Amino acid sequence: MSDNVKIIAQNKKARFDYFVEEHYECGVVLEGTEVKSVKNGNVSFADSFAEIINNEVWMRNFHISEYSYSSVFNHNPDRVKKLLVHKEEIKRLKRKIDEKGFTLIPLDIYLKQGLVKITLGVCKGKKQYDKRETIKERDVNRDLSREFKNSHL
């Protein structure tokens, strides 16, 4: 990503639970108070996913908390959000997720030149032994970095 990008939130659980095959940058259709809440970092990716309906990409279970300084014109925190993706990319995504085991998962949300963007990943679920392998690899890397750090002191 370029230097004028501010990462607001990352979906670390998605990278642990899924193998990420491809990345797509998407815009999001948001209401005014949603943008303010996103800029404050009041978002939750927990179980969010995207689906393609009528050649449009929609994101579900993406929670944006209500803006605390708003009046009665606040947004619905759990509404379905539309993602802005090119038609060719939607066709490519549709072919990919029609394969068995693939799904669309938001990986991170960020500001790019003042606009809210989402990185959407084409992901395939990991099995339990894959998750154990990821944990083991992370532990080994942590131990190696500790030893390297201690040897150079």
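As shown above, the structure is provided for reference.
Residues numbered from 1 in each chain as written. Predicted model: local features only at pLDDT ≥ 70, side-chain atom pairs only at ≥ 80, totals over all residues. Heavy atoms only, no water.

Trainee: How do you make sense of the overall build of the protein when you look at a structure like this?
Mentor: From N to C terminus, the protein includes four helices and nine strands. The dimensions of the protein, computed from C-alpha atoms along their principal axes, are 60 × 40 × 30 Å. With 153 residues in all, the protein has 35% of them scored as buried. A sequence separation of at least 24 residues applies to 68% of the contacts in the protein between residues at least 6 apart. Accessible area of the protein: about 10,000 Å², with a carbon and sulfur share of 49%. If the 29 positive side-chain charges of the protein are averaged to one point and the 23 negative ones to another, these points end up 0 Å apart. (Helix = DSSP H or I, 4+ residues; strand = E, 2+ residues; numbered from the N terminus. Buried < 20%, exposed > 50% of the residue type's maximum accessible area, 1.4 Å probe, protein only. Contact = heavy atoms within 4.5 Å. Areas by Shrake-Rupley, 256 points an atom, 1.4 Å probe, with all protein chains shown as cover. Lys, Arg positive; Asp, Glu negative; His and termini not counted. Charge placed at Lys NZ, Arg CZ, Asp CG, Glu CD.)

Trainee: Got a minute to help me understand unusual backbone geometry in this structure?
Mentor: Residues other than glycine predominantly adopt negative phi, and peptide bonds predominantly adopt the trans conformation. In the Ramachandran plot, Asn-54 falls in the positive-phi region, its phi being about 50° despite a non-glycine side chain. Along the chain, Asn-54 falls in the loop between strand E4 (49-53) and strand E5 (56-60). Non-glycine residue Asn-55 carries a positive phi angle of around 60°.

Trainee: Explanation requested: the nonpolar core in the structure shown.
Mentor: The tendency in soluble globular proteins is for nonpolar side chains to be buried side by side. Counting residues in each nonpolar core, the largest one holds 27 residues, and the members touching the most others are Val-38, Val-57, Phe-62, Leu-83, Ile-109 and Leu-120. Taken together, the elements giving at least two residues each to this core come down to strand E1 (5-10), strand E2 (18-28), E4, E5, helix H3 (87-97), strand E8 (102-112) and strand E9 (115-125). If near-sequence neighbours (up to four positions away) are discounted, Leu-83 is found in contact with Cys-26, Gly-27, Val-28, Ala-50, Val-57, Met-59, Ile-118 and Leu-120. (Core = buried A, V, L, I, M, F, W, Y, C linked by side-chain atoms within 4.5 Å.)

Trainee: In this structure, what is going on with the packing of aromatic side chains? I would like to understand it.
Mentor: Any pair of aromatic rings gets described here by the distance separating the centres and the angle formed by the planes. Following the criterion strictly, the structure yields one aromatic pair and no others. Residue placement shows Lys-96 over the ring face of Phe-102; its charged tip is 4.9 Å from the ring centre. (Phe/Tyr/Trp six-rings, centres within 6.5 Å; stacked < 30°, edge-to-face > 60°. Lys NZ or Arg CZ within 6 Å of the ring centre and 35° of its normal.)

Trainee: Teacher, can you tell me more about the environment of Arg-60 here?
Mentor: Relative to the assigned elements, Arg-60 resides in strand E5. On the basis of relative accessibility, which here comes to 30%, the residue Arg-60 falls in the partly exposed class. Sequence separation between Arg-60 and Asp-47 is 13 residues, and the spatial gap between their C-alpha atoms is 8.5 Å. If sequence neighbours within four positions are ignored, Arg-60 has contacts with Ser-48, Phe-49, Glu-51, Ile-53 and Val-80.

Trainee: Looking at this structure, how should I read a positive patch on the surface?
Mentor: Judged by side-chain charge, Lys-87, Lys-91, Arg-92 and Arg-95 come together as a positively charged surface patch. Turning to its location among the elements, Arg-92 is positioned in helix H3. Using a relative accessible area of 39% as the deciding quantity, one classes Arg-92 as partly exposed. (Patch = residues over 30% accessible without salt bridge, like charges linked within 9 Å, V, L, I, M, F, W, Y side chains within 5 Å. Salt bridge = Lys/Arg side-chain N within 4 Å of Asp/Glu carboxyl O.)

Trainee: What is the right way to read the pairing of E8 from this model?
Mentor: Two faces belong to every sheet, and in a regular strand the side chains alternate between them. Of all the eleven residues making up E8, nine are buried; the element is thus mostly covered by neighbouring parts of the structure. With five bridges joining them, E1 and E8 adopt antiparallel strand pairing. By the bridge assignment, Gln-10 is partnered in E8 with Asp-108. Looking at chain direction, E8 and E9 are connected through ten bridges and run antiparallel. Looking at E9, one finds that Leu-111 is bridged to Val-116. Once E8 ends, the chain turns through two residues before running back antiparallel as E9, passing Gln-113 with a positive phi of about 55°. (Pairing = 2+ DSSP bridges.)

Just distances and angles here, no functional claims.
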